[in-house]
Amino acid sequence: MIGIRPLGDRVVIKKVEAEEKTQGGLILTSSAKEQPQVAEVVAVGPGTKDEPMELKVGEKVVFSKYGGTEIKYQGEEYTIMHQSDILAVIE
């Protein structure tokens, strides 16, 4: 519990540091390392009637580079975004 409770179809994510090489063998460019687009879901909203919540806390996700609102809470940086700005779950 981080103390942030997202509403509706929003999720709170925390960016994960980009690695030089992904598990699948992709080499990340320097620009990809500067702007990590992989994050861990740290809180989820209840969803809405039109968009049920599909994500779970703890999942690693790839998110839209320009989506969401960045906030700082208790010294940590988080991003709050709509579930639709999450592009994929990393399994």
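Residues numbered from 1 in each chain as written. Predicted model: local features only at pLDDT ≥ 70, side-chain atom pairs only at ≥ 80, totals over all residues. Heavy atoms only, no water.

**Q** I'd like a rundown of the sheet that holds strand β2 (residues 38-44), residues and numbers included.
**A** Across the sheet, which stays open at both edges, the 6 strands sit in the order β4-β5-β1-β2-β3-β6 with antiparallel pairing between neighbours. Strand pairing shows two members of the sheet lacking a second neighbour, β4 (69-73) and β6 (86-90), which therefore form its edges. Strand-to-strand twist in this sheet, taken as the mean axis angle between neighbours without regard to direction, amounts to 40 degrees. Bridging between strand β1 (residues 10-15) and β2 involves 5 bridges; their strand directions are antiparallel. Paired with Val 11 across the strands is Val 44, a residue of β2. (Pairing = 2+ DSSP bridges. Helix = DSSP H or I, 4+ residues; strand = E, 2+ residues; numbered from the N terminus. Axes fitted to C-alpha atoms, helices over the stretch in contact; angles between N-to-C directions.)

**Q** I'd like a description of the environment of Pro 46, backed by residues and values.
**A** Along the polypeptide, Pro 46 turns up in the loop between β2 and β3 (60-63). Linking Pro 46 and Arg 10, residues 36 residues apart in sequence, is a C-alpha distance of 8.3 Å. Not counting residues within four places of it along the chain, the set of residues in contact with Pro 46 comprises Pro 6, Leu 7, Gly 8 and Met 53. (Contact = heavy atoms within 4.5 Å.)

**Q** Which residues make up the pairing of β1, and what values do they have?
**A** Sheet analysis places β1 next to strand β5 (residues 76-82), joined by 4 bridges and oriented antiparallel. Across the sheet, Val 12 pairs through a bridge with Ile 80, a residue of β5.

**Q** An account of the nonpolar core is needed here, citing residue identities and associated values.
**A** One recurring pattern in soluble globular proteins is that nonpolar side chains are buried together. Residues Val 11, Ile 13, Ala 39, Val 41, Leu 55, Val 61, Phe 63, Met 81 and Ile 86 constitute the largest nonpolar core, which totals 9 residues. For this core, the secondary structure elements donating two or more residues are β1, β2 and β3. Setting aside anything within four residues of it in sequence, one finds Leu 55 in contact with Val 11, Val 44, Val 61, Gln 83, Ile 86 and Val 89. (Core = buried A, V, L, I, M, F, W, Y, C linked by side-chain atoms within 4.5 Å. Buried < 20%, exposed > 50% of the residue type's maximum accessible area, 1.4 Å probe, protein only.)

**Q** Can you tell me about the environment of Glu 40, naming the residues and giving the values?
**A** For Glu 40, the location among the structural elements is in strand β2. Residues Glu 40 and Val 16, 24 residues apart in the sequence, show an inter-C-alpha distance of 6.7 Å. Among residues more than four places away in sequence, those in contact with Glu 40 are Val 12, Ile 13, Lys 14, Val 16, Gly 58, Glu 59 and Lys 60.

**Q** So what's going on with unusual backbone geometry? Which residues, and what values?
**A** Positive phi, normally seen in glycine, also occurs at Gln 74, with a value near 50 degrees. The topology assignment puts Gln 74 in the loop between β4 and β5.

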